[in-house]
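Notes for the structure review
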Amino acid sequence: MKNNIVKDTISITLITLVAGLLLGLVHGVTAEPIAREQARQKEEAYMAVFEDASGFEAASEEQLKAVQEGILADGFETSTIDEVMIAQDESGQELGYAFTVTNSEGYGGNITFAMGIQDDGTLNGISILSISETAGLGMQATQPEFQQQFAGKQVESFEYTKSGASADNQIDALSGATITTNAMTNGVNAGLDAFRIAKGGN
């Protein structure tokens, strides 16, 4: 009986070790391609929200930290600024900023998107990077009709309405998806706040 227990224990231990090694190998093989694909998607998103830019330069860690601390101090506790990029023209002159924003208020969890803002404060637009909302409801946020409501606007902040947008700072809420609309609106407003902080004002 004891021999069987020892054998079973050794077998389970060996299986666990082999499984762990295989998982480690798979992770090592796939981690780099996944990282490359994520970087490619992010670059495409930045170009989508800042078509006039020839390239982007990452802001310093200190600036990223200052922006994140700033939006928290301004009450945007459900949003994080994951990345701050300086949009540049062919000569390296600053055109504005691109941000990666994550808001945690989505119905299905975090929503991550890129947004580009010109130096004069005009929001070029947004491009969703990651979203897990309900099909046919919250996933409508990925549609151009929703996202284009933010484009070309120079406002302090946005609000959503269910009765039809009548001002530049208003967007139409997604039908049956108020939670998603709220998450997107708050995330965009956090990005606008981040822009003002990055530019040295508030």
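Residues numbered from 1 in each chain as written. Predicted model: local features only at pLDDT ≥ 70, side-chain atom pairs only at ≥ 80, totals over all residues. Heavy atoms only, no water.

Examining a nonpolar patch on the surface
Where we set the bar: For patch detection, residues must exceed 30% relative accessible area and be free of salt bridges, and they are connected within 9 Å for like charges or within 5 Å for nonpolar side chains (Val, Leu, Ile, Met, Phe, Trp, Tyr). In these tables, accessible area is a Shrake-Rupley quantity obtained with a 1.4 Å probe, and a residue counts as shielded only by the protein chains included in the view. Here, a salt bridge means any side-chain nitrogen of Lys or Arg that lies within 4 Å of a carboxyl oxygen of Asp or Glu. Segments assigned H or I by DSSP are reported as helices when at least four residues long, segments assigned E as strands when at least two residues long, and all are numbered from the N terminus.
Taken together, the side chains of Ile10, Leu14 and Leu17 present a nonpolar region at the surface, about 290 Å² in accessible area. By the element assignment, Leu17 lies in helix α1 (residues 2–49).

Notes on the nonpolar core
Note the threshold: To define a nonpolar core, start from buried Ala, Val, Leu, Ile, Met, Phe, Trp, Tyr and Cys residues and group those joined through side-chain atoms within 4.5 Å. Working definition: with a 1.4 Å probe on protein chains only, accessible area under 20% of the residue-type maximum means buried, over 50% means exposed, and in between means partly exposed. The contact criterion used is simple: two residues touch if any of their non-hydrogen atoms lie within 4.5 Å.
Ile81, Phe99, Phe113, Met115 and Val188 are the most contacted members of the largest nonpolar core, which totals 36 residues. For this core, the secondary-structure elements that each account for two or more residues are α2 (61–73), β2 (79–88), β3 (94–106), β4 (109–118), β5 (123–130) and α4 (178–198). At nine residues, α4 tops the list of elements feeding residues into this core. Not counting residues up to four positions away in its chain, the partners in contact with Ile81 are Leu64, Val67, Gln68, Ile71, Phe99, Thr100, Val101, Ala190, Gly191 and Ala194.

What about the sheet that holds β5?
Stated formally: DSSP calls a pair of strands paired once it identifies at least 2 bridges connecting them. To get an axis, a line is fitted to the C-alpha atoms, and for a helix only the part in contact is used. The angle between two axes follows their N-to-C directions and goes from 0 to 180 degrees.
Strand order in the open sheet formed by five strands is β1-β2-β3-β4-β5, and the pairing between neighbours is antiparallel. Both edges of this open sheet fall to β1 (55–58) and β5, since each of them pairs with a single strand only. Neighbour to neighbour, the strand axes of the sheet diverge by 30 degrees on average, direction disregarded. With six bridges connecting them, β4 and β5 associate as antiparallel partners. Bridge assignment links Ile117 to a residue of β5, and that residue is Leu123. Across the sheet, α2 touches β2 and β3, and the angle it forms with β2 is around 135 degrees.

Brief notes about the pattern of salt bridges
Per the stated rule, a full pass over the model turns up four salt bridges. For Arg196, the salt bridge is made with Glu156, and the minimal N-O distance between the two is 3.8 Å. Placement of Arg196 in helix α4 and of Glu156 in the loop between α3 (144–147) and β6 (159–161) is noted, with a sequence separation of 40 residues between them. Under the relative-accessibility criterion, Glu156 is labelled exposed at 55%. Among the ionic pairs, Asp193 bridges to Arg196, the shortest N-O distance being 3.6 Å. Placement of both Asp193 and Arg196 in helix α4 is noted, with a separation of three residues, approximately one turn of the helix. Overall, Asp193 belongs to the buried group, its relative accessible area being 3%.

Considerations on the packing of α2 against α4
Put simply, the rule is: Angle categories are assigned with fixed cut-offs, so that under 35 degrees is roughly parallel, over 145 is roughly antiparallel, 65 to 115 is roughly perpendicular, and the rest are oblique. Handedness of a helix crossing follows the sense of rotation of the near helix relative to the far helix, less than a right angle counterclockwise being left-handed and clockwise being right-handed. Gly falls in the polar group here, along with every residue not listed as nonpolar (Ala, Val, Leu, Ile, Met, Phe, Trp, Tyr, Cys, Pro) or charged (Asp, Glu, Lys, Arg).
Contact pair α2 / α4: the axes reach a minimum separation of 9 Å and the direction vectors enclose 125 degrees. As the angle between them shows, α2 and α4 are arranged oblique. Crossing handedness for the pair α2 and α4: right-handed. Facing Gln63, Ala66, Val67, Gly70 and Ile71 of α2, the residues of α4 in contact are Ala190, Asp193, Ala194, Ile197 and Ala198. Taken together, the residues of the contact of α2 with α4 sort by class into seven nonpolar, two polar and one charged.

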